[in-house]
Amino acid sequence: MSVLHIAEVTKTFSAGAKAVDSFSLDVADGELVCLLGPSGSGKSTLLRMVGGFEQPTSGSITIDGEDVTHLPPERRPTGMVFQSHALWTHMNVFKNLAFGLKLRRMPAAEIRDKVEAVLDLVGLAGYGDRMTTQLSGGQQQRVALARSLVLEPKILLLDEPFASLDQHLRERLREEVRDIQQRLGITTLFVTHGQDEALSMADRIVVMANGKTEQIDRPDVVYRDPKTPFVAGFIGSMNLIDGEVRNGYFMRSDLTVQLQVPDGPATLAIRPESLDVTASDTPKASVHRVTDYGSHGLVDLDLADGTRLKSMVAHPDLFRAGQGVDVFPRAIAAYRDNQQIYRS
Amino acid sequence: MSTMTTARGRIDWLGIFFAGLLTIAIVGPLLVVGTWAFTEVWRYPNVIPQQFGFRFWAQTLGRADVWNALMLSLQLTTVVTLLSALICLPAAYAFARMNFPGRNILFFSFLAGHAFPKFGLLVAIAAIFLQLDLIGTFWGVVLIQLVGTLMFMIWIPVAAFQSVDRRMEEAARDVGAGPFRVFWSVTLPQAGPTIAAAVLLSFVGTFYETEGAWLIGAPGIRTMPVLMISFINNQMVIQFGAVLSVLLWVPSFIALMFARRVIGGGAFARGFGG
Ligand SMILES: Nc1ncnc2c1ncn2[C@@H]1O[C@H](COP(=O)(O)OP(=O)(O)OP(=O)(O)O)[C@@H](O)[C@H]1O
Ligand SMILES: [Mg+2]
C-alpha cells in the first residue's frame, strides 16, 4: 500500500525555471526511496515540498490517504533531518529531543522514557545532558535523526544528512540509518547525490535531472539497465558514444558494432567491464594509458577521431601506452531521442 | 622549542603592556574622579589628598534637585528603552525576515538619520516640538531620546535575527511548533544575547544622553547628566561634579551586572559572533 503519493507536482520559483517538473512518485509502507541526481536537479525542493516547507505550484501530495498539499510542516506527519543538522544550540540534547513531545503535551515521565529509548537507538545513551555544540559531527547528525524518530513520523525525510561527514563515518552512519529504518519499518525519502549511498541503501532509486524523473527502479536495475542516456552516464562508469546507425551497424570512427535498429543517430552505452580489448595488427583504437588497481586494471583507449573509451581488464600488464588494439563490446545499450532503443 | 618559549615570552610582554595601557586609559580617569569625590582638601604639590571625607556627598545628596534628576533619569530611560524595544524588535524582525515594498529604503532611512550632524537635526526637531507644545515635557524628551535609540535597536537586532539559522526554525516547525512558538522557543533565544546587548546599549546610551534632553527638556526637565553639566558650568567645585559622576556610574554597574546575569560570558561572545 502506498503511504506517500506525489502526483504531478511542479514547483516554479519566482526566478523562472521549474525546479521540479511534473513529478510523480508512490512510496510503499516501510520503503526507503533515494532521490538521486546532480546538484540543482530539484531533490531538496521536492523533499521540502513533502515536508511542507515549500508549496507546490501545482500537483498534490497525499500521505496515508490525506491530502497534505496545503498543510504547514507542523501539521504533517513527516520528520525531516537536515544536512546542517539544525539542532537548537541553546538547548541540550535532551531538550532538543523533548521539544516536540512537550508540544504534544506528553507527561514528563513518558517524555523521559521515550527520549532515553531513542538515544539508545541511535547509540547515544547517556548523552542527554550534553550541549549540542559539545558533540562531534556524527553525533550531532545522530541527535538530529533521533529528534525526528522520537515523534514516530509516518514519513522520514533526509536531505543529504551525511554530506558534511568524512567518508568513513558516512559509510557507518549509512548502515546504521538503514538498520534503524528497517527495524522501525519507517517509510523514508532520502536525498543524496552520492550514487554509492543510493545504491547501497535504497529499496528503490529515483534518478532526477532538471526537476524531472529520469528513472525509478531498484538499485541493481538502475545500474544494469539505465533507461536514459543521462542515467547511463550518471550511475557508475560508462562509455557513451554518439554515432550513426546504417544498415544494422552502429558506426563511430573505426568502431563498428552490430545494432539492429532503424537508421539514424544513436548513442551507444557500454560499461568498462563489458568492453574487451585485445592486441591487434589491424587496430581500431590505441592505448592511451594503463592503470593497475591490483585487483583489476583500467585501460584508456582513443578511437582514431580521439573519442576516449575505458575498458576494465583482468591483466593490465598485457597492455602498454601507444599499443594498437581491437575492441569488442559484450553488452550494449543504445539510445535515441532520450529513449532506450536497444539493449543486449 | 627555545624559539617557542621566546615567542611566548614576547607576547606576554606585549599583552602586559597593552593591559597596562588600557588600565591607565580606562581606570586612571575613573580613579582620579573617584578620589575627588571623597576629597575635602587636595592642594597642589601633594599626590594624595590631604583630607578625605563625605562632606560633598552629604551636600550633593542633600539637594532635592539631585534626587529629582536621578529619579527622572531612571524613569525616562526605562520608558524610552521599553518603548524602543516594543517598537523596534518587531520592526527588526520584519526587516530581517519579511520582504515588503520599500523595505530597503525604510531600513536605510534609519541609518541616514545618524549620518548627518545630530545637533542640526535636533534643532529642527525642537522647532517642530515647539509647535506641538512638547518642549519642556517628559514625553517630548521621551520622543527625542527614542529617536536616538532607533539605530541600536533596529540595526543590531536585524543582524541578530538574520543570523538565526533558518533551518533551526524549520526544524522546530517540523516537530510541531506553530510560527509563534518557533519565534518564542528558537528565534528569540538564538538572537537573545545580541538583542540583550542592544537593549543594554540603548539603556546606558539613553541615560547619558544630554543633547536632546537639554534642548527639548529645558527648562522643565532636568536629567542627571544635564544637571551635572550645569553644576560644572555654574560653580567650579570639582567635588560636586565628581560626586555626581560617581553617582552616574551606578546605572552602568547595574547594567553590567544585569548583562552578566542575563547573557553570561560564552553566550555573549556567541551572540556577537552570530
Ligand atoms: N528558494 C529558492 N528560490 C529560487 N530558486 C530556488 C530556491 N530553492 C531552489 N531553487 C532552485 O531550484 C533548483 C533545484 O534546487 P534544489 O535545491 O532542489 O537542488 P538539489 O537537487 O537539492 O541540489 P543539491 O544537490 O545541490 O542540493 C535549483 O536550480 C535552484 O537554484
Ligand atoms: Mg539539495
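These numbers come from a predicted model, not from an experiment.

1. Description of the overall build of chain A
From N to C terminus, chain A includes 8 helices and 21 strands. By principal-axis analysis of the C-alpha atoms, chain A measures approximately 80 × 45 × 35 Å. Within chain A, buried positions represent 51% of all 344 residues. In chain A, the proportion of contacts linking residues at least 24 apart, taken out of those at least 6 apart, comes to 64%. Entry remark: accessible area of chain A is about 15400 Å², with carbon and sulfur atoms responsible for 48%. Across chain A, 37 positive and 44 negative side-chain charges occur, with their mean positions spaced 4 Å apart.

2. Brief notes about the UniProt feature "domain: ABC transporter" (unreviewed entry) in chain A
Using the residue numbers shown here, the UniProt feature "domain: ABC transporter" (unreviewed entry) corresponds to residues 4-235 of chain A. This span, residues 4-235 of chain A, is 36% helix and 26% strand, and a straight line between its end C-alpha atoms measures 26 Å.

3. Observations concerning the site of ligand 1
All names here are of chain A. Lining the immediate surroundings of ligand 1 are Phe-13, Ala-19, Pro-38, Ser-39, Gly-40, Ser-41, Gly-42, Lys-43, Ser-44, Thr-45, Glu-160 and His-193. Within the backbone of Ser-41, an N or O atom sits 3.2 Å from an oxygen atom of ligand 1. With respect to ligand 1, the side chain of Thr-45 contributes an N or O atom lying 2.5 Å from an oxygen atom. When the free accessible area of ligand 1 is taken as 630 Å², the share hidden by the protein chains comes to 58%. Ranked by residue count, the leading element in the shell around ligand 1 is helix H1 (residues 43-51), at 3 residues. A per-class count over the shell around ligand 1 returns 3 nonpolar, 7 polar and 2 charged.

4. Description of the packing of helix H5 (residues 118-131) of chain B against helix H6 (residues 138-162) of chain B
All names here are of chain B. Across the interface, H5 lies against H6 with an axial gap of 12 Å and an inter-helix angle of 145 degrees. The two elements H5 and H6 meet at a crossing, and its hand is right-handed. In this structure, H5 contributes Leu-122, Ile-125 and Phe-129 to the contact, and H6 contributes Gly-140, Leu-143 and Ile-144. Its residues assigned to classes, the contact of H5 with H6 shows 5 nonpolar, 1 polar and no charged.

5. Points about the UniProt feature "transmembrane region" (unreviewed entry) in chain B
Residue and element names in this part refer to chain B. The feature "transmembrane region" (unreviewed entry), as annotated in UniProt, sits at residues 12-38, 69-93, 105-132, 138-161, 182-204 and 236-259 in this numbering. Its end C-alpha atoms 36 Å apart, residues 12-38 is made of 96% helix and 0% strand. With 100% helix and 0% strand, residues 182-204 has end C-alpha atoms that lie 31 Å from one another.

6. Overview of helix H4 (residues 137-149) of chain A
For an α-helix the count is 3.6 residues per turn, leaving residues at separations of three or four pointing the same way. With 13 residues, H4 of chain A should cover 18 Å at 1.5 Å per step; its first-to-last C-alpha distance of 18 Å lies within 8% of that length. Among the 13 residues in H4 of chain A, 12 count as buried, and that is most of the element. Those residues of H4 of chain A that fall on the buried side of the exposure criterion are Gly-138, Gln-139, Gln-140, Gln-141, Arg-142, Val-143, Ala-144, Leu-145, Ala-146, Arg-147, Ser-148 and Leu-149 of chain A. Elements that come into contact with the buried residues of H4 of chain A comprise strand E6 (78-81), helix H2 (93-103), helix H3 (108-121), strand E7 (155-159) and helix H5 (167-184) of chain A together with helix H7 (166-174) of chain B.

7. A look at the domain arrangement of chain B
By a widespread convention, an interface's size corresponds to the accessible area lost as its parts come together. Residues and elements named next belong to chain B. Its domain assignment divides chain B into domain 1 (2-52) and domain 2 (57-271). Inter-centroid distance (C-alpha atoms) of domain 1 to domain 2 is 31 Å. If you look at the interface, domain 1 gives 8 residues, while domain 2 gives 8 residues. Summing both partners gives a buried area of about 660 Å² for domain 1 against domain 2, and 75% of it is carried by carbon and sulfur. Where domain 1 meets domain 2, there are 0 residue pairs in polar contact (both at pLDDT 80 or more). Mapped onto the side of domain 1 that touches domain 2, the elements with two or more residues apiece are helix H1 (2-37) and strand E1 (39-41). Looking at the side of domain 1 that touches domain 2 residue by residue, the class counts come to 5 nonpolar, 2 polar and 1 charged.

8. Quick look at the side chain of Asp-225 of chain A
Residues and elements named next belong to chain A. One can find Asp-225 in the loop between helix H7 (219-224) and helix H8 (229-234). Given the relative accessible area of 9%, Asp-225 is considered buried. One polar contact links Asp-225 to Lys-227, side chain to side chain, over a distance of 2.5 Å. Other than its neighbours up to four places away in sequence, Asp-225 contacts Gln-215, Gln-340 and Arg-343.

9. Some words on the sheet that holds strand E15 (residues 275-279) of chain A
All names here are of chain A. Read across the sheet, 5 strands follow the order E15-E19-E16-E17-E18 without closing on themselves; strand pairing throughout is antiparallel. Because the sheet does not close on itself, it has two edges, and the strands there are E15 and strand E18 (308-313). Going across the sheet, the axis of each strand differs from the next one's by a mean of 40 degrees, ignoring polarity.

10. A few points about the packing of helix H3 (residues 64-97) of chain B against H6 of chain B
All names here are of chain B. Contact geometry for H3 and H6: axes closest at 7 Å, N-to-C directions at 40 degrees. Judged on the interaxial angle alone, H6 and H3 are oblique. For H3 against H6, the interelement crossing comes out right-handed. Looking at the contact of H3 with H6 residue by residue, the class counts come to 25 nonpolar, 5 polar and 1 charged.

11. Quick look at the sheet that holds strand E1 (residues 2-12) of chain A
A sheet is described by the order of its strands in space; here 4 strands give the open sequence E2-E1-E4-E5 (chain A), paired in antiparallel fashion. Unpaired on one side and paired on the other, strand E2 (18-28) and strand E5 (66-67) of chain A mark the two borders of the sheet.

12. Re a nonpolar patch on the surface
All names here are of chain B. A cluster of nonpolar side chains, Leu-22, Ile-26, Val-27, Leu-30 and Leu-31, forms an exposed patch at the surface whose accessible area comes to about 460 Å². Within the secondary structure layout, Val-27 lies in helix H1. Relative accessible area serves as the criterion here: at 37%, Val-27 is assigned to the partly exposed category.

13. Regarding the confidence of the model for chain B
Residues and elements named next belong to chain B. On average, residues of chain B score 78 in pLDDT, and 89% of them reach the 70 mark or higher. Within chain B, H7 carries the highest mean pLDDT (93), whereas helix H12 (residues 265-273) carries the lowest (45). Between residues 265-274, whose pLDDT stays under 50, and residues either more than four places distant or in other chains, the model counts 10 contacts. Model confidence for the complex is summarised by a pTM of 0.77, with the ipTM given as 0.84.

14. Some thoughts on unusual backbone geometry
Residues and elements named next belong to chain A. For Ser-22, which is not a glycine, the phi torsion comes out positive at approximately 45 degrees. With respect to the element layout, Ser-22 can be found in strand E2. On the basis of relative accessible area, Ser-22 is assigned to the partly exposed category, the value being 39%.

15. Digging into the domain arrangement of chain A
Residue and element names in this part refer to chain A. Parsing chain A into structural domains produces domain 1 (2-231) and domain 2 (238-343). Taken together, the 7 residues of domain 1 in the interface contact 9 residues of domain 2. Both faces combined, the contact of domain 1 with domain 2 buries some 770 Å², and carbon together with sulfur accounts for 42% of it. For the pair domain 1 and domain 2, the interface holds 1 salt bridge. Residue Asp-225 pairs with Arg-343 through a salt bridge whose shortest N-O separation is 3.3 Å. For the pair domain 1 and domain 2, the interface holds 6 residue pairs in polar contact (both at pLDDT 80 or more). Considering only residue class, the side of domain 1 that touches domain 2 consists of 3 nonpolar, 1 polar and 3 charged.

Reading guide: rules and limits
- Residues numbered from 1 in each chain as written.
- Chains lettered and ligands numbered in written order.
- Predicted model: local features only at pLDDT ≥ 70, side-chain atom pairs only at ≥ 80, totals over all residues.
- Heavy atoms only, no water.
- Helix = DSSP H or I, 4+ residues; strand = E, 2+ residues; numbered from the N terminus.
- Buried < 20%, exposed > 50% of the residue type's maximum accessible area, 1.4 Å probe, protein only.
- Contact = heavy atoms within 4.5 Å.
- Areas by Shrake-Rupley, 256 points an atom, 1.4 Å probe, with all protein chains shown as cover.
- Lys, Arg positive; Asp, Glu negative; His and termini not counted.
- Charge placed at Lys NZ, Arg CZ, Asp CG, Glu CD.
- UniProt positions renumbered as here; feature names shortened; annotations may be inferred.
- Near = heavy atom within 4 Å.
- Polar contact = N/O pair within 3.5 Å; in protein donor to acceptor, adjacent residues only side chain to side chain.
- Nonpolar A, V, L, I, M, F, W, Y, C, P; charged D, E, K, R; others polar.
- Axes fitted to C-alpha atoms, helices over the stretch in contact; angles between N-to-C directions.
- Left-handed = near helix turned anticlockwise from the far one by under 90°.
- Expected span 1.5 Å × (residues − 1).
- Domains from an automatic or database assignment.
- Buried area = accessible area lost by both parts, 1.4 Å probe.
- Pairing = 2+ DSSP bridges.
- Parallel < 35°, antiparallel > 145°, perpendicular 65-115°, else oblique.
- Patch = residues over 30% accessible without salt bridge, like charges linked within 9 Å, V, L, I, M, F, W, Y side chains within 5 Å.
- Salt bridge = Lys/Arg side-chain N within 4 Å of Asp/Glu carboxyl O.
- pLDDT = per-residue confidence, 0-100.

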